[in-house]
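Breakdown of the fold
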Amino acid sequence: MYYGQNCVDESPKILLYGYGNPGRKDDGLGPVLVDEIEQWIIRQGIRNVSVDSNYQLNIEDAYTIQDYDIILFMDASIEDIDEYIITRVIPSDKVNYTMHSVSPSFVLHLCNTIYRKVPSTFLLHIKGYAFDLQEGLTDGARKNMEAASDFLKGLLQDQDRLLDNIEPFCSINGFTG
Amino acid sequence: MGQKLTIEPVTRVEGHGKVTIHLDDEHNVVQTRLHIVEFRGFERFIQGRPYWEAPVLVQRLCGICPVSHHLAAAKALDVIVGAGPDNISPTAEKMRRLMHYGQFFQSHSLHFFHLASPDLLFGIDADPARRNVIQVAKDFKELAVQGVMMRKFGQEIIEATAGKKIHGTGAIPGGINKCLTIEEKMRFLIGKDPLNIDQMITWAQGALELFKDYHKKNKDLIDNFARFPSSHLSLVRKDGALDIYHGVIRAVDADGKRILHDVDYQDYLDYIAEEVKSWSYMKFPYLRALGRQEGWYTVGPLARLNTCDFIPTPLAQKELEIFRAYTGGKPNNMSMHMHWARLIETLHAAEMIKQLLNDPDILEGELVRKGSKTIEGVGLIEAPRGTLFHHYRINKDDQIEMANLIVSTTNNNTPMNTAVELVAKANMNGHEKITEGMLNAVETAIRAYDPCLSCATHALGKMPLEITLYNAAEEVIDVLRSELRG
């Protein structure tokens, strides 16, 4: 869904992109957060932010992201983190894909290789706990998602300093490459 | 001292799979196995749920081919609600077909451009740092752009017909819940360059020419790599045409002799059984008529082109004639020709999409039909990677009390194991050092089948690639992790 038709020219075009399978419990953290944020964006009347979601990232997302200035990917994580972390995504040609999905850094690298564009890209890692075949997030994951959502809303409400505001978090957490 | 080599999980194969290769003291391959950690609890999970939820529920099984599961479930439930298997409305059938051909188009395109082309363009034993789609994008930019846009086009067809990208709801028991809008139809027909169907057909033809040209220059590899005799099974239309959505089951042996004569898939259990083996979670299906040892079969693009009599679209039919002539009309048992068959199907899918977009039935018509309810139904569909069975029985409270699924990759279990064994022996026997090229040869054989290992869970940090080398005493003597391979 794109809300940018009436955006002010100088506003950066921002894409929030959650990925994962909502039919596998906490794997759906990304798409569920996108659904929630989408409603909030509409209510706030924010016009330069688009949202998208899918089961997984894939090569066509290189085309999707080339049209934006800032990308915020959102995914479930089983890393050793608390509620969530955010990292800057750097292009990488590392072959870390499986047969039918690719990583954010791979998408970014492909975007650069084909379209010569490298939007500022970040990955919001949200801690999940269970990934079996059931709809719905665990209580812990929902709590983490709400914390991540508050963080995201804070960023989007102060867009002039969005990149400046993300940077300290990324400095702590490093890169996703 | 003998060695055991483990490749885990297989790169560029979805889900959790590993290959173990046992070497004797002379470094000869003595046993190979493709182990697949397939989720088998899904059938139990669906039990007790209202039957009408199944077409959406089953999409949880797989984030790779949710459309196939969605449609197979809907077809089984058509029978239960009294509308099937042959009586849903023309509008419903055509919308479902459009969704399905969209899926075929994107899935086959992804496989060729993203997974197969690096091996073909750079060579199976090329440096793994170069043998990937990024290098394709650098060295063959136009080809990479085509792959991206073909995949995107197919995905957009799915979104327009299924209603949304995740957990689509387009197909429901007895029909569909929406038609295509005129705007959607025109966008796909004459949309902004390059996202229109004529461009897709042109690119599909270009991909085929690329493969055929490569084949001419690399006949030995393409014809003899993982070549072995196999039976083949697929759906065909009642008149023998290639049909990936509906029809009857046909199987032929390696010489083309019919084994299954166009049987009704509602009776599949009369013809097909599944064997369990201690070392794999994935079952081994076989044709009852031939027994456990001889009854295994191949499904997927190669099988479909081996079983059908013709392709009902002109450009793909022309290509089928060339494909058939190469083996003198006999079934094609060359694993790498799976890529050729897949590209012919890609072209067919594009032609069918165009045909369906020009059909007025997709814009309006009867959406749902229902009749006398029954308690049991089977849905069969050709998923991109092969024949997919969904079988449900409901109780008096409309809850599913039995579900049985045989997925495409399960059908290909024995052929994939056979291919792994052949390639491992051909490439590794007698070699003291196992090279990256040898390992990739094994993976190339598996990738030809485009397996989907039923795992859409991909949370960050969850799927490292690890290759472990054991000696006969099961001591780890070498470990390769994913970052070392890329």
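Quantities reported herein were computed from a predicted structural model and do not represent experimental measurements.

Conventions used here
Residues numbered from 1 in each chain as written. Chains lettered and ligands numbered in written order. Predicted model: local features only at pLDDT ≥ 70, side-chain atom pairs only at ≥ 80, totals over all residues. Helix = DSSP H or I, 4+ residues; strand = E, 2+ residues; numbered from the N terminus. Buried ≥ 20, exposed ≤ 12 C-beta atoms within 10 Å, placed from the backbone. Contact = placed C-beta atoms within 7 Å. Axes fitted to C-alpha atoms, helices over the stretch in contact; angles between N-to-C directions. Parallel < 35°, antiparallel > 145°, perpendicular 65-115°, else oblique. Left-handed = near helix turned anticlockwise from the far one by under 90°. Nonpolar A, V, L, I, M, F, W, Y, C, P; charged D, E, K, R; others polar. pLDDT = per-residue confidence, 0-100. Pairing = 2+ DSSP bridges. Core = buried A, V, L, I, M, F, W, Y, C linked by C-beta atoms within 7 Å. Expected span 1.5 Å × (residues − 1).

**Focus: the overall build of chain A**
The helix and strand tally for chain A stands at 5 helices and 6 strands. When the helices and strands of chain A are listed from N to C terminus, the series reads β-α-β-α-β-β-α-β-α-α-β. The proportion of buried residues among the 177 residues of chain A is 52%. Contacts spanning at least 24 positions in sequence make up 75% of the contacts within chain A whose residues lie at least 6 apart.

**Digging into the overall build of chain B**
When you go through chain B residue by residue, the secondary structure sums to 17 helices and 18 strands. Counting the 486 residues in chain B, one finds 54% classified as buried.

**Re unusual backbone geometry**
Only a minority of non-glycine residues have a phi that is not negative, and only a minority of peptide bonds are not trans. Residues and elements named next belong to chain B. Residues glycine 84 and proline 85 are joined by a peptide bond in cis, for which omega reads 5°. Of note, proline 85 is situated in the loop between helix H3 (66–80) and helix H4 (90–122). Notably, alanine 226 is not glycine yet its phi reads approximately 50°, a positive angle. In this structure, alanine 226 sits in the loop between helix H9 (219–224) and strand S7 (231–236). Positive phi outside glycine occurs at aspartate 398, with the angle close to 65°. Given 13 C-beta atoms within 10 Å, aspartate 398 falls into the partly exposed group.

**What to know about the packing of helix H12 (residues 314–326) of chain B against helix H13 (residues 337–357) of chain B**
Residue and element names in this part refer to chain B. Contact geometry for H12 and H13: axes closest at 8 Å, N-to-C directions at 165°. Taken as axis vectors, H12 and H13 run roughly antiparallel relative to one another. Both H12 and H13 take part in a crossing whose hand is left-handed. Residue-level inspection shows Leu315, Ala316, Glu319, Leu320 and Phe323 of H12 in contact with H13, the latter providing Trp340, Ala341, Ile344, Leu347, His348 and Glu351. Taken together, the residues that form the contact of H12 with H13 break down as 8 nonpolar, 1 polar and 2 charged.

**Observations regarding the confidence of the model for chain A**
When pLDDT is averaged along chain A, the result is 87, and 88% of the positions lie at 70 or above. Counting interchain partners and residues more than four positions distant, the pLDDT-below-50 stretch residues 2–8 of chain A has 13 contacts.

**Structural notes on the pairing of strand S14 (residues 386–394) of chain B**
Residue and element names in this part refer to chain B. Summarising burial for S14: 8 of the 9 residues are buried, a large majority. Bridge analysis of strand S13 (residues 376–383) against S14 gives 8 bridges, and the strand direction is antiparallel. Bridge pairing in S14 places glutamate 376 opposite arginine 393. As consecutive antiparallel partners, S13 and S14 are separated by 2 residues. Linking two consecutive strands that pair antiparallel, namely S14 and strand S15 (residues 400–406), is a turn of 5 residues; a positive phi of about 65° is found at aspartate 398 within it.

**Quick word on the environment of B:Thr409**
By secondary structure assignment, the location of B:Thr409 is in helix H14 (residues 408–411). Put simply, B:Thr409 and B:Ala162 are 247 residues apart on the chain and 24 Å apart in space, counted from C-alpha to C-alpha.

**Re the pairing of strand S3 (residues 70–77) of chain A**
All names here are of chain A. A large share of S3 lies buried, amounting to 8 of its 8 residues. With burial as the criterion, each face of S3 is covered, one bearing Ile70, Leu72, Met74 and Ala76 and the other bearing Ile71, Phe73, Asp75 and Ser77. Bridge count for strand S1 (residues 14–19) against S3 is 5 bridges, and the pairing is parallel. When the sheet's bridge partners are listed, glycine 18 is paired in S3 with methionine 74. Where S3 lies against strand S5 (residues 120–127), 8 bridges are found, and the strand directions are parallel. Considered in S5, the bridge of methionine 74 is made with leucine 124.

**Side note on the nonpolar core**
Proteins that are soluble and globular tend to have nonpolar side chains buried together. One finds A:Leu16, A:Leu124, B:Ile344, B:Ile353, B:Val420 and B:Val423 to be the most contacted residues of the largest nonpolar core, which totals 187 residues. Ranked by residue count, the leading element in this core is H4(B), at 13 residues. Ignoring anything within four residues of it in the chain, the contact list for B:Val420 reads B:Val19, B:Thr32, B:Leu34, B:Val442, B:Ala445 and B:Ile446.

**Points about the sheet that holds strand S12 (residues 297–298) of chain B**
All names here are of chain B. In space, the 4 strands of this open sheet follow the order S9-S8-S7-S12, with mixed pairing throughout. Bordering the open sheet on either side are strand S9 (258–263) and S12, each of which pairs with just one other strand. Bridge analysis of S7 against S12 gives 2 bridges, and the strand direction is parallel. Bridging from a neighbouring strand, histidine 232 pairs with threonine 298 of S12.

**Here we look at the sheet that holds S15(B)**
All names here are of chain B. In spatial order, the strands read S13-S14-S15; together these 3 strands make up an open sheet with antiparallel pairing. Two strands close off the open sheet at either side, each with one partner strand: S13 and S15. Strand-to-strand, the axes of this sheet are offset by a mean angle of 15°, without reference to chain direction. Judged from the 6 bridges that link them, S14 and S15 form a sheet pairing that is antiparallel. Following the sheet pairing, arginine 393 is matched in S15 by methionine 402.

**Quick notes on the packing of H4(B) against helix H6 (residues 141–162) of chain B**
All names here are of chain B. Relative to each other, H4 and H6 sit at 155°, their axes nearing to 8 Å. With respect to H6, the axis of H4 lies roughly antiparallel. Considering only the axes of H4 and H6, their crossing is left-handed. Grouping the amino acids of the contact of H4 with H6 by side-chain chemistry returns 13 nonpolar, 11 polar and 1 charged.

**Examining H12(B)**
All names here are of chain B. The end-to-end C-alpha distance of H12 is 19 Å, a good match for the 18 Å that 13 residues give at a rise of 1.5 Å each. Looking at the buried residues of H12, the elements they touch are helix H8 (197–217), helix H11 (301–307) and H13. Once H12 finishes, glycine 328 follows within two positions and takes phi at roughly 60°, a positive value.

**Details of helix H1 (residues 29–44) of chain A**
Residue and element names in this part refer to chain A. An ideal rise of 1.5 Å per residue puts 22 Å on 16 residues; H1 measures up with 22 Å between its terminal C-alpha atoms. Buried residues of H1: Leu29, Gly30, Pro31, Val32, Leu33, Val34, Ile37 and Ile41, and no others. Buried-residue contacts for H1 involve S1, strand S2 (49–54), S3, S5 and helix H4 (139–157). In the segment just after H1, glycine 45 is the residue with positive phi, at about 70°.

**A word on the environment of A:Leu156**
Residues and elements named next belong to chain A. Here leucine 156 lies in helix H4. Note on leucine 156: 19 C-beta atoms within 10 Å, which makes it partly exposed. A C-alpha to C-alpha distance of 8.5 Å links leucine 156 and isoleucine 46, two positions 110 residues apart in sequence. Not counting residues within four places of it along the chain, the set of residues in contact with leucine 156 comprises Ile46 and Val49.

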